[in-house]
Amino acid sequence: MQDINIPEVLKRRSLPARFADIQARKRLSVAQYREFISATRKAQRENFDPHADIYELIALNTYMADELLRNLWQQCQVSNHMAALVAVGGYGRRELFPGSDIDIMILLDKGCDEQTKQKVKTFLTLLWDIKLPVAQSVRTLKECVSEARMDVTVMTCLMEHGYLSGNRQLYDRFVTLIHSNKVWPSKKYFNAKTAELESRRHKFGDTANHLEPNVKENPGSLRDLHTLRWLTNRHFKTGSFEELMDKNFLTGSELLALQEAYITLARVRYALHLHTGRGEDRLLFDYQHGVASLLGFDNPQRNLQVEAFMQVFYRTTNQLSNLAEIIVKRLRSNIFPSLLRRRARLIDECFQIRGSQLEARSANIFKQDPSAILKLFRLLQQHSQLSGPSDGLIQLLLDHLDLIDDTFRHNDDNRKLFIAILNHPITNGREVRRMAQLGVLGRYWPSFDAVTGRMQFDLYHVYTVEEHTLRVFENTCRFGAPSSGDELDTYHDVFTQTPKALILYLAALFHDIAKGRGGDHSEMGAKDARTFCLDHHLSTFDANLVGWLVENHLVMSKTAQHSDTNDPGVLKDFAENVGNLVRLHYLYLLTIADIRGTNPKLWDSWRSTLLADLYQNTSQFLHHGLDSPVEPKELIQEVKASALQHLDRQGIARDRCLTFWEELEEDYFLRHSDDEVARQASAIFEHGSDGEVVVNIHQYSARGATEIFIYCNDRNYLFAHITSALSKLGLTIVHARIITSRKGHALDTFLVLGEDGGPISDTDQCRQLADKLAAVLKHPSRISISVSQDLPRKIREMQVPIRTQYEHSPNHDYTTMDLKAPDFPGLLASLGNAFMDCNISIHNAQISKLGERVHNIFQISTLDNQPLDPSQQQGLDHAIRQCLQ
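Thresholds, definitions, all that
Residues numbered from 1 in each chain as written. Predicted model: local features only at pLDDT ≥ 70, side-chain atom pairs only at ≥ 80, totals over all residues. Heavy atoms only, no water. Axes fitted to C-alpha atoms, helices over the stretch in contact; angles between N-to-C directions. Helix = DSSP H or I, 4+ residues; strand = E, 2+ residues; numbered from the N terminus. Left-handed = near helix turned anticlockwise from the far one by under 90°. Contact = heavy atoms within 4.5 Å. Nonpolar A, V, L, I, M, F, W, Y, C, P; charged D, E, K, R; others polar. Salt bridge = Lys/Arg side-chain N within 4 Å of Asp/Glu carboxyl O. Buried < 20%, exposed > 50% of the residue type's maximum accessible area, 1.4 Å probe, protein only. Core = buried A, V, L, I, M, F, W, Y, C linked by side-chain atoms within 4.5 Å. Patch = residues over 30% accessible without salt bridge, like charges linked within 9 Å, V, L, I, M, F, W, Y side chains within 5 Å. Areas by Shrake-Rupley, 256 points an atom, 1.4 Å probe, with all protein chains shown as cover. Lys, Arg positive; Asp, Glu negative; His and termini not counted. Charge placed at Lys NZ, Arg CZ, Asp CG, Glu CD. Phe/Tyr/Trp six-rings, centres within 6.5 Å; stacked < 30°, edge-to-face > 60°. Lys NZ or Arg CZ within 6 Å of the ring centre and 35° of its normal. Pairing = 2+ DSSP bridges. Disulfide = S-S within 2.5 Å. Parallel < 35°, antiparallel > 145°, perpendicular 65-115°, else oblique.

A look at the packing of helix H38 (residues 718–728) against helix H39 (residues 763–778)
Contact pair H38 / H39: the axes reach a minimum separation of 11 Å and the direction vectors enclose 145°. Helix-helix and strand crossings are classified by hand; for H38 and H39 the assignment is right-handed. Side by side, H38 and H39 meet where Leu718, His721, Ile722, Ala725 and Leu726 of the first sit next to Leu773, Val776 and Leu777 of the second. In the contact of H38 with H39, the residues fall into seven nonpolar, one polar and no charged.

Here it is in structure tokens:
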């Protein structure tokens, strides 16, 4: 923190009522102290504006807290001989934000008497009574040392301290003890805090580029600045970054970068606390617009306003993250000087290896040979045992990024080097990410720089565009590893069937590169990809293949999740678009890498199975030949014949099956596999008589979810009853097929996931679930169809549109409704409510999820089996929006 002239600040700033009384140490009532705290918060908001000096505001907050605590300490008459009041932690650092806890420690002399202890208790009770947000501890000197030795977090908290009141000599003894190397030697402290730093970064996915970042804890956040301060403070016995420049540990440019990063991040955190009215450090979607407005970002288009603000935030955190890495490496060499005494091993005229790091042989290597910038990363691939570049080499690189210009980009040797780095079979993911973090990738490929820090305003992406791109690229790289140790091993065999891995890598890098330009990002990205590939000497065939993959990178996901892939027409259209097996292999792997790189929670067994089924079925279709597709009637006969074989083994008569199947439309057999047809028929014959409710649960369906099949007489509001019951049982419906037979029987299939996001694994739970559903559906009058599910905050903030389209078929007495809406828990139960409120009957339905959205097709009518007229369609639209908004 900079030194601030508080008397001058007090003259310029809005001050809370009764501040003069607080300064004069006047005794106030509990109510009056509370009024002062409330007035202080009001003054904090009045004093903040887009151009306010953030150092000044934070210093003023801290001074206000100082004066209030000194007043209270005096009113409680705590002995100034036996105790000292000490600011610690963030407060001791003189860094109080509007919502910060006020960390204090009451230091007791070892001979402290009972009267003093009672006074301390009175003091702490008063803090509680006036609702001051304090985090307090009471310790003796001995306890400070013992607790600090046991816990590095306690040690760190005590290292940042400030005297407030009481026994000054006792406080001075505390300072001497806590800064002694006997408590936490510099080397031990460095190892503990850097391990903590790595753990924290790993917790946040080793990136600051979350769409809802934590301003305090994310990589590149305020906590990185704090960690640098703690580490250097412990080793150099300094109290500020400015002192480190005096010791020639920091350069002037590094000091300036640290100061600028602090100003940006502190302003964001200050505004966030003001906007939320509490100590909230998560920059959620809900808050980003309000914080951007407080910070002076002004744009009539809300998304553009937020994006401009967040790009400043992300660029700051990325720059700070790089600088923190440099400083930590430099400090490690300073604390462990033996690392620098190791003999260097020469590699070439530019680089050498010392220990586990790559070093520059001179400060002129990049000026003499700009291509050495890319050679650096190629060498790290060839010497994969190295931990990375040294701090000196990183700083040298950052100082020479301007050498990457159009001349550099058009140089054929550089283009070959870049492609070689992308195509390395083992460490391409690691080094491409390092290139991105150090700014090399964005300089070499300006399109990547354009999406750096770019927001994605949807419900399922959790990373910025460039972070998502890097994760997708890393996923494709991991397909090539024969034993990566996770589910990606499953796709290694498919990867080996692709002629050139480079095609997949380039498609991953370009698939979202045109986001934010307006228009179709897939088409524009495909054009960019073709140009880039040709410039980098790929063949026209390969360039067109990369372009095709980029242009079609969403097609497989949409087809698998949106369409009924058991429909021969759907499969034929998809296969014709893909064209051949090579494209299918590439597109399958790219789709998996894309979804897995979007959101860690988005990939589940259901999506995995949907894509695998589409991949396998399309493979068979392409093997069969596009010119001789299987006819629907042929498929229906195959399904029936195979199902009859299953049922025959169970002793179920063929004639009984065929008679029952006459009730069903041909569409039933196109939408169900032979296993499903046999399983459902068996359940009906075993448990059902005409009109009896049958609930059959197949624990692990081939579709990666638990299958719930319900058979009963169709009736009004059945869909509402079922979906409401499933919602109340805590199940998420990911797919549904609603079938009504010619005789008025409902054959409804729901694919559900449990609360853990996977199939229901417990057999007893499945049995109990079936019993509960059957009991509920047998007594519909007992069903409460009210749904109290609140719309998730991200859907509210993103304002995802709801779209309906109606079509009446002259050959049927129903209306087809096509509904696209945001997905959230309880959605179908809410829709069931809307249908019930409007007296709508559902005859057939196809319900599918696509990422953050659902696409549902309902065949509906009035209760007297008439299609909906325009006024009824309008009424249903209104009811749906009331339920979903």
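As for the pattern of salt bridges
In total, this model carries 45 salt bridges according to the counting rule given. With a shortest N-O distance of 2.9 Å, Glu95 and Arg93 are connected by a salt bridge. Accessibility classification places Glu95 together with Arg93 in one group, the buried group. A salt bridge links Lys500 to Asp542; its shortest N-O distance comes to 2.5 Å. With a gap of 42 residues between them, Lys500 in the loop between helix H26 (492–496) and helix H27 (501–510) and Asp542 in helix H29 (residues 540–551) connect regions that are remote in the sequence. For Lys500, a relative accessible area of 42% puts it in the partly exposed group. One continuous salt-bridge network, built from bridges that share partners, spans Arg18, Asp21, Lys26 and Glu35.

Describing the nonpolar core
One finds Phe351 and Phe366 to be the most contacted residues of the largest nonpolar core, which totals 96 residues. Examining the composition of this core, we find that 10 residues originate from one element, H27, more than from any other. Those residues in contact with Phe366, other than ones at most four positions away along the chain, are Phe351, Ala372, Ile373, Leu376, Leu393, Leu396, Leu397, His400 and Leu403. Counting residues in hydrophobic clusters, the runner-up holds 73 residues, among them Ile58, Ala148, Leu255 and Phe313.

As for a negative patch on the surface
Negative charge collects at one region of the surface, where Asp3, Glu242, Glu243 and Asp246 lie side by side. By secondary structure assignment, the location of Glu242 is in helix H12 (residues 241–246). The class of Glu242 is partly exposed, set by a relative accessible area of 30%.

Overview of helix H14 (residues 285–294)
Among the residues of H14, Phe285, Tyr287, Gln288, Gly290, Val291 and Ala292 are the ones counted as buried. Two residues or fewer past H14, Gly296 is found with a positive phi of approximately 90°.

Thoughts on the packing of aromatic side chains
For the coordinates displayed, the defined rule picks out 31 aromatic pairs. Between the aromatic rings of Tyr163 and Tyr171, the centroid separation amounts to 5.6 Å while the plane-to-plane angle is 55°, which identifies the pairing as tilted. Looking at Tyr163, the relative accessible area reads 24%, which means it is partly exposed. The residue whose ring lies beneath Lys640 is Phe669, and the NZ or CZ to ring-centre distance is 4.7 Å.

Let's talk about the sheet that holds strand S5 (residues 345–346)
On the basis of which strands lie adjacent, the open sheet formed by four strands has the order S5-S6-S7-S8 and mixed pairing. A single partner strand is all that each edge strand has here, and the edge strands are S5 and strand S8 (388–389). Pairing of S5 with strand S6 (residues 351–354) involves two bridges; the strand directions are antiparallel. Bridge pairing in S6 links Arg345 to Ile353.

Some details on unusual backbone geometry
Here the phi dihedral of Asn839 falls at roughly 55°; this positive angle occurs in a residue that is not glycine. Take Asn839: it is sitting in the loop between helix H41 (827–837) and strand S15 (840–850). For Asn839, a relative accessible area of 37% gives the class partly exposed. We note that Asn865 has phi near 60°; this positive angle belongs to a residue other than glycine. In this structure, Asn865 sits in the loop between strand S16 (853–862) and helix H42 (870–884). What makes Asn865 partly exposed here is its relative accessible area of 41%.

Considering the side chain of Asn322
Position of Asn322 relative to the elements: it lies in helix H15 (residues 302–335). For Asn322, a relative accessible area of 10% gives the class buried. With residues near it in sequence (within four places) discarded, Asn322 still touches Gln437 and Leu438.

Points about the state of the cysteines
Inspection of every chain in the model, using the stated rule, returns zero disulfides. Here Cys144 stays free of any disulfide, with the sulfur of Cys157 as its closest cysteine sulfur at 9.9 Å. In this structure Cys533 is not part of a disulfide, and its nearest cysteine sulfur, from Cys477, lies 15 Å away. Here Cys533 falls in the buried class, since its relative accessible area comes to 0%.

Things to note about the environment of Gly296
Its place among the elements puts Gly296 in the loop between H14 and H15. Owing to a relative accessible area of 42%, Gly296 belongs among the partly exposed residues under this scheme. Between the C-alpha atom of Gly296 and that of Ala821, which follows or precedes it by 525 residues, the distance is 34 Å.

Comments concerning H27
Extensive coverage of H27 is indicated by the burial of 10 of its 10 residues. Along H27, the positions that sit buried rather than exposed are Ala501, Leu502, Ile503, Leu504, Tyr505, Leu506, Ala507, Ala508, Leu509 and Phe510.

With respect to the sheet that holds strand S3 (residues 134–140)
One open sheet accounts for four strands, arranged S3-S2-S1-S4; its pairing is mixed. Where the open sheet ends on each side, the last strands, each with one partner, are S3 and strand S4 (161–166). If you compare each strand with its neighbour and ignore which way they point, the axes differ by 25° on average. Sheet topology note: the strand S1 (residues 83–88)/strand S2 (residues 102–108) ladder contains five bridges and is antiparallel. The residue of S2 that forms the bridge with Ala84 is Leu107. Across the sheet, helix H4 (residues 54–75) is in contact with S1, S2 and S4; its angle to S4 comes to roughly 35°.

Considerations on the packing of helix H10 (residues 186–203) against helix H11 (residues 222–236)
Between H10 and H11, the least distance of the axes is 9 Å, while the angle of their chain directions is 170°. One finds that H10 runs roughly antiparallel with respect to H11. Contacts between H10 and H11 involve Ser186, Tyr189, Phe190, Lys193, Thr194, Leu197, Arg200 and Arg201 from the first element and Arg223, Asp224, Thr227, Trp230, Leu231, Arg234 and His235 from the second. The class makeup of the residues in the contact of H10 with H11 is five nonpolar, four polar and six charged.

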